[in-house]
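For reference, the chains in residue letters:
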Amino acid sequence: QVQLVESGGGLVQPGGSLALSCAASGVDSSSGFSNYFMGWYRQAPGKQRELVARLKRGRDTEYADSVKGRFTIAGDTIKNTVSLQMNSLKPEDTAVYYCNMHIRRWSEVAGTNYWGEGTLVTVSS
């Protein structure tokens, strides 16, 4: 089964930086995928989970407006890893950050989402 493990969360002061990493295991890519995303979501207390950034096929990036210019996503589609470099952090960035992998196999219509258990990022002075 597919498992995603995040690391890199912690406490940082406003204006500081953190780097998150995620590694996926148990991915069977022998038949290839019709679509493939890896990215990061976050959920703040009392709020819904939201997309932070994602990477399509390891090339095309998408960022939430709130993090553009501050966060950078990168991934390795061969190793099934994804990272998120977070700079100029704000208190509003405080949340549990979740690694996400979306795979649509050739035999699937809608594709499947896989999630890590999350890593806490706290931005506070």
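What you are looking at is a predicted structure, and each value in this text was computed from that prediction instead of being measured.

Counting residues in hydrophobic clusters, the biggest one holds 31 residues, and the most contacted among them are Trp40, Leu84, Met86, Tyr97 and Met101. Among the elements of the structure, β3 (18-25), β4 (33-43), β5 (50-56), β7 (71-76), β8 (81-86), β9 (95-105) and β11 (119-123) are those that each provide at least two residues to this core. Ranked by the residues each element gives to this core, the list is headed by β9, at five residues.

In this section: the environment of isoleucine 73. Tracing the chain through its elements places isoleucine 73 in strand β7. For isoleucine 73, a relative accessible area of 6% puts it in the buried group. Between the alpha carbons of isoleucine 73 and phenylalanine 33 there is a distance of 21 Å; along the sequence they are 40 residues apart. The contact partners of isoleucine 73, leaving out residues within four places of it in the chain, are Met38, Gly39, Trp40, Ala53, Arg54, Leu55, Thr61, Tyr63, Val82, Ser83 and Leu84.

What follows concerns the packing of aromatic side chains. In total, this model carries two aromatic pairs according to the counting rule given. Geometrically, the ring pair formed by phenylalanine 33 and tyrosine 36 is stacked, given 5.6 Å between the ring centres and 15 degrees between the ring planes. Accessibility expressed as a relative area gives 6% for tyrosine 36, which makes it buried. On the basis of an interplanar angle of 70 degrees and a centroid distance of 5.0 Å, the ring pair of tyrosine 41 and tryptophan 115 is categorised as edge-to-face. In this pair, tyrosine 41 sits in strand β4 while tryptophan 115 sits in strand β10 (residues 112-115), placing the two residues 74 residues apart along the sequence. Judged by relative accessible area, which is 35%, tryptophan 115 ranks as partly exposed. Seen from the ring of tyrosine 98, arginine 49 lies directly overhead, with NZ or CZ sitting 3.9 Å from the centre.

Bringing the sheet that holds β7 into the picture now. With respect to topology, four strands assemble into an open sheet ordered β1-β3-β8-β7, the strand pairing being antiparallel. Across the chains shown, the open sheet's two edge strands, defined by having one partner strand only, are β1 (3-7) and β7. Direction aside, the axes of adjacent strands within the sheet are offset by 15 degrees on average. The pairing of β3 with β8 spans six bridges and is antiparallel. When the sheet's bridge partners are listed, leucine 20 is paired in β8 with leucine 84.

Reading guide: rules and limits
Residues numbered from 1 in each chain as written. Predicted model: local features only at pLDDT ≥ 70, side-chain atom pairs only at ≥ 80, totals over all residues. Heavy atoms only, no water. Core = buried A, V, L, I, M, F, W, Y, C linked by side-chain atoms within 4.5 Å. Buried < 20%, exposed > 50% of the residue type's maximum accessible area, 1.4 Å probe, protein only. Helix = DSSP H or I, 4+ residues; strand = E, 2+ residues; numbered from the N terminus. Contact = heavy atoms within 4.5 Å. Phe/Tyr/Trp six-rings, centres within 6.5 Å; stacked < 30°, edge-to-face > 60°. Lys NZ or Arg CZ within 6 Å of the ring centre and 35° of its normal. Pairing = 2+ DSSP bridges. Axes fitted to C-alpha atoms, helices over the stretch in contact; angles between N-to-C directions.

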